Amino acid sequence: MLGGDKTAENQASQSPEEILRQDLLYLHVNHSLQFFDKPSGEYMGRNGRRVNVDKTKFSKEEQNEFTRGWSLNKFNQYVSDRIPMHRNLPDMRHRSCKKSFGEDLPQTSVIICFVNEAMSVLLRTIHSVLDRSPSHLVREIILVDDFSDLPHLKQPLEDYVARLGKVRVIRTEKREGLIRARLLGYSHAKAETLTFLDSHVEVTDGWLEPLLDRVGQNWTNVVTPLITSINNADFHFGRWSHNNIYVGGFAWNLLFIWDLFENPFDANNQIQPLRSPTMAGGLFTIHKDFFTRIGTYDPSLDFWGGENLELSFKIWMCGGSLEVLPCSIVGHIFRQSSPITWEGKSFRVLSKNLIRVAEVWMDDYKDIFYRISGRKPVDYGDVSERKALRDRLKCHSFEWYLRNVYPFRYIPASTPIGVIQNKAVPKCILGLTKGKAIAASSCDSNRFQLFWLSQDSSIQSDIGCVDYSGQKQPVMLTCHHKRGNQEWQLRKDGSLYHVVSAKCMEMSVGGGSVEMLPCRDIERQKWILPKRGS
Ligand code: UD2
Ligand code: MN
C-alpha cells in the first residue's frame, strides 16, 4: 500500500525536469502514494478531513515545494499532493436523498476546462467523477486544455487518461478563456446532457443521479449541485448544513453572490429543488438541446466572468428554470485569488463581459449596473446578434425576471440610490463587507456607500443590509427581509430609528465611527438620505 517516503524522492534542484518529475510522482508510484498520518495510521485527508503540516520540520526542498505550490495555484498544492486521489468523503446528504432512480436517466458528457491545473487536483477531480457516478450514465469526460504551458498537462496527462477509457483531452490552439473553452467541449460532446465542472472539485456519492433525473423530467430544467468548499489550505471538505441553504443571486455590480433562499426553509422537505435566480457558473447540468436552443454562451465573452449571469438570465427569461438540488453535493476549491490572468488586463476584460451581459439582457436596469459598479464604458463590441437571439426566442423582459424570479432583489427603477450623509459631520456611512461594523468615510459615492431603502424598511446596499443586534455598532449582514434587526425608519426630524432597539444611529464626534445610542435631538443623529432623482 505505502508508496514510499516522498521526501526521499525530493532531493533535487528545481530544474524543469525535476519539476515535472515531482508533478508526476503520482504516476510513478501508480496511485499508491498514500501518505499516512503517523498517529492515527490513516491516510491524509481521509473522509474529507483537514491535513495539517508542520512547516517547522520542513527540509529546504519541502519548503521550496510548499512555496512553489501556493504561488502556482493559489491553493496548497503541497497538501493536495499528499492526499490520495481516491480519498473518501463524508456523506452529507439528507437521508431521503438516498432513493433509487429509474433506469431511464439521460446520459451526460462531463466537460472540464482547465488552465495549468495541478496534476493531483485535476486527477482527483476526474477520479471522483469516475468513482462516484454510475458508469453507464457518464458517456465521456472531455478535458479541455485552454492552452496550458505546464508540461505535466501535455503527453503525461494524455498517457494517464488513456488508461481510464472514457476520458479524453482536447486542446484550444490559443488561450480562449473559459467560455470559448467550454464551447469547444460542447462541440465535441456526444451525450444528451452536458455537465460542466471546474478542474478542482470533488463530487460526493449520489451527486449525479438527482441532476440527471431533474433534467430528464424536463429538458428546460437546468440544475446545479449544492457547492461546498474544499479548504484551499488544508483541503478540508466543508460540511453542509441543511438549515442554511443559499441560492445564487447577483449584486447590482453584476458580480455573483450567494443569497438566502426566498422561501423560509421547509423542515419537512429538505430535498426539494430550490429555485435559484442565478448560478455560480462552474458546476451545472443542462440538456444539450436546451443549451443549443438558448444560444449557448455569448462567444465574444473573453477569459472569465459574466457568462454565469448571461446563462442564468437567459435560462429564466427564455423559457427554462434554474435550480439548486440539495441532494447533489460537490466540493470546490475556492482559491485565495486567481493565478490565471489575461494579458494583464483581467479587470478590463471583465468590464467588457459584464457590459455585454447588461446591454443585451437588462433593459433599462442596466443603468443601475452602471451607476453602482462604476464600470466605465469600454469597447464591448457588437451585441446586435445577441439581441437578435433574444428577440427570436421571444424572451421575457428583465423586469419580469426580477419580479418573478428574484423578487427579494427587486429594485424598481425609480428607487433612489445614494449616499447616507451625516448632517453634523460631512461624512457618509460605509458598509465594506458582511459581518463588519458600519464605518464612516468622506462621501465619494463608491459602491460601499450607495444605499437604498427597501420596501421592507431595510437599509440595503450591494453588500447586504444594515443590521443591529444590541452591540455598540450596526453591522452589514445578509439581508433577510424579515424586518427584525434590519428594520429602520427615517423619521421626520432626520433621525434613523432602529425599531426593535428603539435606538438611533449616531456619528461619533470626530466622524470616526457610527454608533447606536438612545435617541436625542442632536445633529449627529440626523442624516440626509438618497432622494428621488439623486
Ligand atoms: C466561478 C465559477 C467558474 C466560472 C466563474 C465565472 C464555480 C465553482 N466556479 O469562478 O466556473 O463560472 O465563476 O466566470 O461556480 N479556465 C479556463 N480558461 C481561462 C480561465 C479559467 O479554462 O482563461 C478554467 C479554470 O481552470 C477553471 C474554470 O475555468 O477550471 C473556472 O475558472 P476559476 O476556477 O478560476 O473560476 P472560479 O471558480 O473562481
Ligand atoms: Mn473554480
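Anyway, here's the lowdown on the structure attached to this text. Computed from a prediction, not measured in an experiment: that's the story for all the values here. (Residues numbered from 1 in each chain as written. Chains lettered and ligands numbered in written order. Predicted model: local features only at pLDDT ≥ 70, side-chain atom pairs only at ≥ 80, totals over all residues. Heavy atoms only, no water.)

**Examining the pairing of strand S6 (residues 221–230)**
Consecutive side chains of a regular strand alternate in pointing toward one face of the sheet and then the other.
So, point 1. In terms of burial, S6 is largely enclosed, as 9 of its 10 residues are buried.
So, point 2. Of the strand pairs in this sheet, S6 and strand S11 (residues 321–333) are connected by 10 bridges, and their pairing is parallel. Across the sheet, residue Val 223 finds its bridge partner in S11, namely Glu 323. (Buried < 20%, exposed > 50% of the residue type's maximum accessible area, 1.4 Å probe, protein only. Helix = DSSP H or I, 4+ residues; strand = E, 2+ residues; numbered from the N terminus. Pairing = 2+ DSSP bridges.)

**Structural notes on the packing of aromatic side chains**
So, point 1. In total, this model carries 21 aromatic pairs according to the counting rule given.
So, point 2. Each ring, one from Phe 250 and one from Trp 252, has its centre 5.4 Å from the other, and the planes form 85°; the classification is edge-to-face. The same class applies to Phe 250 as to Trp 252, namely buried.
So, point 3. Plain terms: the ring middles of Phe 369 and Tyr 370 are 5.2 Å apart, the flat faces sit at 50° to each other, and that makes the pair tilted.
So, point 4. Judged by relative accessible area, Phe 369 falls into the buried class, the value being 0%.
So, point 5. On the basis of relative accessibility, which here comes to 21%, the residue Tyr 370 falls in the partly exposed class.
So, point 6. Pairwise contacts between aromatic rings join Phe 250, Trp 252, Phe 313, Tyr 365, Phe 398, Tyr 401 and Tyr 406 into one cluster.
So, point 7. Here the guanidinium or amino end of Arg 82 rests over the ring plane of Tyr 78, the centre of that ring lying 3.6 Å away.
So, point 8. We note Lys 288 situated over the ring of Tyr 186; from NZ or CZ to the ring centre the distance is 5.7 Å. (Phe/Tyr/Trp six-rings, centres within 6.5 Å; stacked < 30°, edge-to-face > 60°. Lys NZ or Arg CZ within 6 Å of the ring centre and 35° of its normal.)

**Some words on the state of the cysteines**
So, point 1. Evaluation of the coordinates by the stated rule reveals 5 disulfides.
So, point 2. A sulfur-sulfur distance of 2.1 Å marks the disulfide that ties Cys 318 to Cys 395. Since a negative S-S torsion denotes a left-handed disulfide, the Cys 318-Cys 395 link at about 105° is right-handed. Taken together, the residues span a long stretch of sequence, with Cys 318 in the loop between helix H10 (307–317) and S11 and Cys 395 in the loop between helix H13 (384–392) and helix H14 (398–404) at a distance of 77 residues. Take Cys 318 and Cys 395: they sit in the same class, and that class is buried.
So, point 3. Through a disulfide, Cys 465 is tied to Cys 479; the S-S separation comes to 2.2 Å. Judged by the sign of its S-S torsion, about 95°, the bond between Cys 465 and Cys 479 is right-handed. Of this pair, Cys 465 sits in strand S17 (residues 465–467) while Cys 479 is found in the loop between strand S18 (475–477) and strand S19 (488–490), placing the two residues 14 residues apart along the sequence. Just as Cys 465 is buried, Cys 479 falls in that class too.
So, point 4. For the chain, numbering the cysteines in disulfides from first to last along the sequence yields the connectivity 1-3, 2-4, 5-6, 7-8, 9-10. (Disulfide = S-S within 2.5 Å.)

**Here's the deal with the site of ligand 1**
So, point 1. The full set close to ligand 1 counts 21 residues, and Asp 146, Arg 175, Gly 305, Glu 307 and Arg 335 are the nearest of them.
So, point 2. In the environment of ligand 1, an oxygen atom lies 2.8 Å from a nitrogen or oxygen atom belonging to the side chain of Arg 182.
So, point 3. Between ligand 1 and Gly 305, the relevant distance is 2.7 Å, taken from an oxygen atom to a main-chain nitrogen or oxygen of the residue.
So, point 4. Contact with the protein chains covers 92% of the free accessible surface of ligand 1, which is 740 Å².
So, point 5. Every element with two or more residues in the shell around ligand 1 is listed here: strand S1 (108–114) and helix H7 (178–188).
So, point 6. Split into classes, the residues belonging to the shell around ligand 1 amount to 8 nonpolar, 7 polar and 6 charged. (Near = heavy atom within 4 Å. Polar contact = N/O pair within 3.5 Å; in protein donor to acceptor, adjacent residues only side chain to side chain. Areas by Shrake-Rupley, 256 points an atom, 1.4 Å probe, with all protein chains shown as cover. Nonpolar A, V, L, I, M, F, W, Y, C, P; charged D, E, K, R; others polar.)

**Brief notes about the coordination of the manganese ion (ligand 2)**
So, point 1. Taken together, the protein ligands of the manganese ion (ligand 2) are Asp 198 (OD), His 200 (NE2) and His 332 (NE2), with distances of 2.2 Å.
So, point 2. Considered as a linear motif, the donors of the manganese ion (ligand 2) on their single chain read D-x1-H-x131-H. Separated by 134 residues along the polypeptide, Asp 198 in the loop between strand S4 (193–197) and strand S5 (201–203) and His 332 in strand S11 bring together distant segments of the chain. No difference in accessibility class separates Asp 198 from His 332, as the two residues are buried. (Donors = N, O, S within 2.8 Å, 3.2 Å for Na, K, Ca; no water.)

**Quick word on the nonpolar core**
So, point 1. Residues Phe 250, Trp 252, Phe 313, Phe 398 and Tyr 401 are the most contacted members of the largest nonpolar core, which totals 63 residues.
So, point 2. With 7 residues, helix H11 (residues 346–361) is the largest single contributor of residues to this core.
So, point 3. If near-sequence neighbours (up to four positions away) are discounted, Phe 398 is found in contact with Phe 250, Trp 252, Phe 313, Met 317, Trp 361, Met 362, Asp 363, Tyr 365 and Arg 390.
So, point 4. Counting 34 residues, the second-largest nonpolar core is a separate cluster that includes Ile 112, Val 169, Val 203 and Leu 325. (Core = buried A, V, L, I, M, F, W, Y, C linked by side-chain atoms within 4.5 Å. Contact = heavy atoms within 4.5 Å.)

**Details of the packing of H11 against helix H12 (residues 366–373)**
So, point 1. Orientation of H11 relative to H12, taken along the N-to-C sense of each, is 150°, at an axis distance of 9 Å. As judged from the angle between their axes, H11 and H12 are roughly antiparallel. On H12, the residues touching Leu 354, Ile 355, Ala 358 and Glu 359 of H11 are Lys 366, Phe 369 and Tyr 370.
So, point 2. Among the residues making up the contact of H11 with H12, the classes are represented as 5 nonpolar, no polar and 2 charged. (Axes fitted to C-alpha atoms, helices over the stretch in contact; angles between N-to-C directions. Parallel < 35°, antiparallel > 145°, perpendicular 65-115°, else oblique.)

**Notes on the sheet that holds S19**
So, point 1. Here we have 4 strands laid out as an open sheet, ordered S19-S20-S21-S22, and antiparallel in their pairing. Pairing within the sheet leaves two strands with one partner each, and these edge strands are S19 and strand S22 (514–518). When the angles between neighbouring strand axes are averaged without regard to direction, this sheet yields 35°.
So, point 2. By the bridge criterion, 2 bridges tie strand S20 (residues 496–498) to strand S21 (residues 503–507) in an arrangement that is antiparallel. Following the sheet pairing, Tyr 497 is matched in S21 by Cys 504.

**Quick notes on H13**
So, point 1. Along H13, the residues that are buried comprise Arg 386, Leu 389 and Arg 390. One side of H13 holds all its buried residues, which, seen down the axis, span an arc of 100°. Set apart from the buried face of H13 by more than 90 degrees, the exposed residues are Glu 385, Asp 391 and Arg 392.
So, point 2. In this fold, the buried residues of H13 make contact with H10, H11 and H14.
So, point 3. Lys 394 occupies a position one or two residues after H13 and carries a positive phi of about 50°. (Arc of directions from axis to C-beta.)

**Some words on helix H5 (residues 119–132)**
So, point 1. In this model H5 runs 20 Å from its N-terminal to its C-terminal C-alpha over 14 residues, within 8% of the 20 Å that 1.5 Å per residue would give.
So, point 2. Here H5 lies mainly inside the structure; 12 of its 14 residues are buried.
So, point 3. Every buried residue of H5 is listed here: Met 119, Ser 120, Val 121, Leu 122, Leu 123, Arg 124, Thr 125, Ile 126, His 127, Ser 128, Val 129 and Arg 132. (Expected span 1.5 Å × (residues − 1).)

**Digging into the pattern of salt bridges**
So, point 1. The final tally for this structure, using the stated rule, is 32 salt bridges.
So, point 2. In this structure, the salt-bridge partner of Asp 91 is Arg 93, at a minimum N-O distance of 2.9 Å.
So, point 3. Residue Arg 93 is classed as buried on the basis of its relative accessible area, which comes to 16%.
So, point 4. Arg 180 is paired through a salt bridge with Glu 176; the nearest N and O atoms lie 2.7 Å apart. (Salt bridge = Lys/Arg side-chain N within 4 Å of Asp/Glu carboxyl O.)

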